[in-house]
Amino acid sequence: MSIPNELNEMVEKVSANQEARTTVRTLLSWFGMYRRGYYNVQRIRWALDQAGVVTVPDFEAAYIDGSIAFKTKEAVGASSDEGTQEASSQDEVGTGGEATSTLSMLKPVKLADAAHRISRLESANKQPVSIPPDATVEQAITLMLRYDYSQLPVMISPDAREAKGLFSWKSLGSRLAIGKQCAYVRESMDPCQMISSGASLFDAIKIIAQDDCVLVRADDNRICGIVTAYDISAQFQQLAESFLLLGDIENHIRHLIGNAFTVEELQQAKDPTDTDREVNNASNLSIGEYIRLLQKPANWEKLNIKIHRKTFMDGLEKIRIIRNDVMHFDPDPMDPADLKALADFARFLARWHKLTAKT
């Protein structure tokens, strides 16, 4: 493995005490990568280690279009030591204001997988449209209608480090329902929940399930984003497509294998290091084990199908690699070429199944 020229250029800038900065997406492109799957991350970490630099923030935890700086390991270590006392003094964040009296601040989950941090979502890195507490309800409604928002953080200024509360259709409607007249935002806002950008995505989901949204606070205490139920559903919709396609592919392969093999033959395809797992039928095998089973010409002949074996096996190997990446649950958008490969192979198997189905 080699270090990309672009990374070497960054190392030279660091050595010359010049600013060395890029985006996570650009860093990936230097290695010919599209997303931060497990193996991609390990490859980049190896290169960074060989070059003697790290990224701040860590490239795996940052938003894919977020800016990262390259620094020497020694410089980052010294900076962390100096900042320990300051970070400790900021553990309790004052919020002020009646509406924010119950505002909560979740600390970063240091042991959580970086791929599962809220900072990886686009919406957690876009400064939210806000409204000041003295604005009129009419002004707030106009903003929400204009941008199709369901809520607005109530802040003194757009770059504030404090949220006074949350104005929403829910907060306004509940007050109007009991006959309360609300002329200003401050009269119709609810408390808001807040989470650190380094906290777990799953901690955020728990809050959003209860409160519909959560504000995100950056390391400098600036409110850097708002994550809503819509953002979470869009994220999981993106992930779901690849899972569904993989499910279709595995179901078709199981049907293809069907009753062509005995239990003993299926057991021979099992990973020999996995001694505890029982194999009683094709559904107990992984895609890698399907490959191990069918790569033997004698086993392929037992299927009695008129498909070119090498072409089929090459396609199945590609699916295996993609599946390994998908199963690591990476919030980055999937490579369109990989998604197309899944869809094409699933379509191929479905077409073959339809053509050969007994009527």
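Values in this document were obtained by computation on a predicted structure and should not be read as measured data.

1. As for the packing of aromatic side chains
Phase 1 of the analysis: Summed over the entire model, instances satisfying the criterion amount to 6 aromatic pairs.
Phase 2 of the analysis: For the ring pair tryptophan 300 and phenylalanine 312, a centre distance of 5.5 Å and an interplane angle of 50 degrees mean the geometry is tilted. One end of the pair, tryptophan 300, is in helix H11 (residues 297–303); the other, phenylalanine 312, is in helix H12 (residues 309–326), and 12 residues separate them in sequence. Taken as a pair, tryptophan 300 and phenylalanine 312 share a single burial class, namely buried.
Phase 3 of the analysis: Taking the centre distance of 5.7 Å and the plane angle of 45 degrees together, the rings of phenylalanine 312 and phenylalanine 345 count as tilted. With a gap of 33 residues between them, phenylalanine 312 in helix H12 and phenylalanine 345 in helix H13 (residues 336–356) connect regions that are remote in the sequence.
Phase 4 of the analysis: According to the relative accessible area criterion, phenylalanine 312 is buried, its value standing at 2%.
Phase 5 of the analysis: Residue classification places phenylalanine 345 among the buried residues on the basis of a relative accessible area of 10%.
Phase 6 of the analysis: Joined through ring pairs, the aromatic side chains of Trp300, Phe312, Phe345 and Phe348 make up one cluster.
Phase 7 of the analysis: Its end group placed over the ring of tyrosine 184, arginine 186 keeps NZ or CZ at 4.6 Å from the ring centre.

2. Here we look at the nonpolar core
Phase 1 of the analysis: The biggest cluster of nonpolar side chains holds 33 residues, and the ones touching the most others in it are Ile249, Ile257, Leu294, Trp300, Phe312, Leu316 and Leu342.
Phase 2 of the analysis: Broken down by secondary-structure element, the contributors of at least two residues to this core are helix H8 (229–257), helix H9 (263–269), helix H10 (287–294), H11, H12 and H13.
Phase 3 of the analysis: Counting 23 residues, the second largest nonpolar core, distinct from the first, contains Leu27, Met33, Val53 and Ile64.

3. Points about empty space enclosed by the protein
Phase 1 of the analysis: For the structure shown, the criterion picks out 1 cavity of 30 Å³ or more.
Phase 2 of the analysis: Roughly 50 Å³ of internal volume is contained in the largest cavity.
Phase 3 of the analysis: Forming the boundary of the largest cavity are Arg35, Gln238, Leu239, Ser242, Val326, Asp330, Asp332 and Met334.
Phase 4 of the analysis: The element contributing the most residues to the lining of the largest cavity is H8, with 3 residues.
Phase 5 of the analysis: Taken together, the residues that form the lining of the largest cavity break down as 3 nonpolar, 2 polar and 3 charged.

4. Re the confidence of the model for the protein
Phase 1 of the analysis: Per-residue pLDDT for the protein has a mean of 86; in total, 89% of the residues score no lower than 70.
Phase 2 of the analysis: Every residue in residues 80–112 is under pLDDT 50, and counting partners more than four places away or in other chains gives 45 contacts.

5. Here we look at the environment of asparagine 221
Phase 1 of the analysis: Mapped onto the elements, asparagine 221 comes out in the loop between strand E9 (213–217) and strand E10 (223–228).
Phase 2 of the analysis: For asparagine 221, a relative accessible area of 18% puts it in the buried group.
Phase 3 of the analysis: Note: C-alpha distance between asparagine 221 and alanine 160 (61 residues apart in sequence) is 9.0 Å.

6. Overview of the sheet that holds strand E7 (residues 189–190)
Phase 1 of the analysis: The sheet built from 3 strands is open, its strands ordered E5-E6-E7 with antiparallel pairing. The open sheet terminates on both sides in strands that have one partner only, identified here as strand E5 (151–154) and E7.
Phase 2 of the analysis: Relative to strand E6 (residues 165–168), E5 runs antiparallel, the two sharing 4 bridges. Directly across from glutamine 151, in E6, lies its bridge partner serine 168.
Phase 3 of the analysis: In this fold helix H6 (residues 169–177) packs onto E6 and E7, with an angle of close to 75 degrees to the strand it touches most, E6.

7. Re the pairing of strand E3 (residues 67–72)
Phase 1 of the analysis: Relative to E3, strand E1 (residues 21–23) runs antiparallel, the two sharing 3 bridges. By the bridge assignment, arginine 21 is partnered in E3 with alanine 69.
Phase 2 of the analysis: Where strand E2 (residues 53–56) and E3 come together, 4 bridges link them in antiparallel fashion. Opposite threonine 55, over in E3, you have phenylalanine 70 as the bridge partner.

8. Some points on H13
Phase 1 of the analysis: For H13, with 21 residues, the first-to-last C-alpha span of 30 Å sits near the 30 Å given by 1.5 Å per residue.
Phase 2 of the analysis: For H13, every residue scored as buried is listed here: Asp338, Ala341, Leu342, Phe345, Ala346 and Leu349. Around the axis of H13, the buried residues are gathered within 120 degrees of arc, so they sit on the same side. Exposed positions of H13 whose direction lies more than 90 degrees from the buried face are Lys340, Lys354 and Leu355.
Phase 3 of the analysis: Here the buried face of H13 lies against H8 and H12.
Phase 4 of the analysis: Where H13 begins, one side-chain oxygen reaches toward the backbone nitrogen of alanine 337, 2.9 Å away; that side chain belongs to aspartate 335.

9. So, the pattern of salt bridges
Phase 1 of the analysis: Tallied over the full model, the rule gives 23 salt bridges.
Phase 2 of the analysis: A salt bridge links aspartate 58 to arginine 45; the shortest N-O distance between them is 2.9 Å. One end of the pair, aspartate 58, is in the loop between E2 and E3; the other, arginine 45, is in helix H3 (residues 38–51), with 13 residues separating them in the sequence.
Phase 3 of the analysis: Across the pair lysine 302 and glutamate 265 runs a salt bridge, and its minimum N-O distance is 2.1 Å. Here the residue lysine 302 occupies a position in helix H11, and glutamate 265 occupies one in helix H9, the gap between them amounting to 37 residues.
Phase 4 of the analysis: Put simply, Arg36, Arg120 and Asp332 are held in one network by salt bridges that share partners.

Conventions adopted
Residues numbered from 1 in each chain as written. Predicted model: local features only at pLDDT ≥ 70, side-chain atom pairs only at ≥ 80, totals over all residues. Heavy atoms only, no water. Phe/Tyr/Trp six-rings, centres within 6.5 Å; stacked < 30°, edge-to-face > 60°. Helix = DSSP H or I, 4+ residues; strand = E, 2+ residues; numbered from the N terminus. Buried < 20%, exposed > 50% of the residue type's maximum accessible area, 1.4 Å probe, protein only. Lys NZ or Arg CZ within 6 Å of the ring centre and 35° of its normal. Core = buried A, V, L, I, M, F, W, Y, C linked by side-chain atoms within 4.5 Å. 1 Å grid on protein atoms, 1.4 Å probe; cavity = no way out; pocket = protein on both sides within 12 Å on 5 of 7 lines; lining within 4 Å. Points joined across faces, edges and corners; volume = space filled by probe spheres on them. Nonpolar A, V, L, I, M, F, W, Y, C, P; charged D, E, K, R; others polar. pLDDT = per-residue confidence, 0-100. Contact = heavy atoms within 4.5 Å. Pairing = 2+ DSSP bridges. Axes fitted to C-alpha atoms, helices over the stretch in contact; angles between N-to-C directions. Expected span 1.5 Å × (residues − 1). Arc of directions from axis to C-beta. Polar contact = N/O pair within 3.5 Å; in protein donor to acceptor, adjacent residues only side chain to side chain. Salt bridge = Lys/Arg side-chain N within 4 Å of Asp/Glu carboxyl O.

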